[in-house]
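Report on the structure
Spelled out from the first residue to the last, the chains are:
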Amino acid sequence: TFTPTPTHTPTITFTPTPSSTPGRLLLPLVMDICPPIVRNGSFEEGLQSWGTGGELAVDSSASGPHGGILAALLGSPLYRCKRAPEGQAWLSQSIRVPSNGAPALRFWYRIVTYDRNKDLLSRGDYLEVQVEGDQVLRDMKREGEYGRCDLPPSDLGWREAVVDLSPWRGQEVEIRFLLHTDDEYNTWVYIDDVSVR
């Protein structure tokens, strides 16, 4: 014979919070309704939400991102060391800078190169970051050998950058990541985890 086992039926009790309107029950509600300021800043959706351009390749890459699965890639490791094309590769996005606090653009970048730009001159290879057309960062390999195609390229590793956006508080601005090359020695750059806080 089968003997049923008693089961416990859970009871949910709501305790009303006093309010100025009789007969209404107020419950706490927590929602994240603020979308991120930078859309797809981790590039997990490829280059969606980003504008791209230039003569060099722009793509997303799974080759060692800073976080997640993908990063943006400006230029290409497939260009040959002494036969790399000259030009630019860029990606950009328009954002609205928060009007209060101390807003900052934060991102990670990784430069891999056969070249060198000792004084970060405008002639030579470099990564430049712009906010509304103003240069806020320029970086490149500055020391050591270059042009040695018989050796692996120099990988400068992941570097974090924090850019003060206070001068643009409350404004809609374009952020742009730009790789510039102007000789035959190949350079490429990964960008990842872009955010504004």
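Before any of the text, the structure's been laid out above.
Notes on the structure in this doc start here.

Conventions and cut-offs
Residues numbered from 1 in each chain as written. Predicted model: local features only at pLDDT ≥ 70, side-chain atom pairs only at ≥ 80, totals over all residues. Heavy atoms only, no water. Helix = DSSP H or I, 4+ residues; strand = E, 2+ residues; numbered from the N terminus. Buried < 20%, exposed > 50% of the residue type's maximum accessible area, 1.4 Å probe, protein only. Contact = heavy atoms within 4.5 Å. Areas by Shrake-Rupley, 256 points an atom, 1.4 Å probe, with all protein chains shown as cover. Core = buried A, V, L, I, M, F, W, Y, C linked by side-chain atoms within 4.5 Å. Salt bridge = Lys/Arg side-chain N within 4 Å of Asp/Glu carboxyl O.

**Things to note about the overall build of the protein chain**
On a plain count of helices and strands, the protein chain comes out with 0 helices and 10 strands. Traced from its N-terminal end to its C-terminal end, the protein chain shows the element sequence β-β-β-β-β-β-β-β-β-β. In the protein chain, which comprises 197 residues, the share counted as buried stands at 40%. Counted over contacts in the protein chain with a minimum sequence separation of 6, partners at least 24 positions apart contribute 77%. When the accessible surface of the protein chain is split by element, carbon and sulfur atoms take 51% of a total near 11,700 Å².

**Re the nonpolar core**
Among the nonpolar cores identified, the biggest contains 35 residues, and Leu74, Leu105, Phe107, Ile175, Phe177, Ile191 and Val194 are the most heavily contacted of them. The dominant element in this core, judged by the number of residues it contributes, is strand β9 (residues 172–181), at 5 residues. Contact partners of leucine 105, with chain neighbours within four places excluded, come to Val129, Val131, Ala161, Val162, Val163, Leu165, Ile175, Val194, Ser195 and Val196. Within the second largest apolar cluster, 7 residues are counted, among which are Tyr114, Tyr185, Trp188 and Tyr190.

**Side note on the pattern of salt bridges**
Using the criterion set out here, one finds 7 salt bridges in the structure. Salt-bridge contacts for arginine 176 lead to glutamate 174; the nearest nitrogen and oxygen are separated by 3.3 Å. Residue glutamate 174 is classed as partly exposed on the basis of its relative accessible area, which comes to 26%. Taken together, the shared-partner salt bridges connect Glu145, Arg148 and Asp150 into one network.

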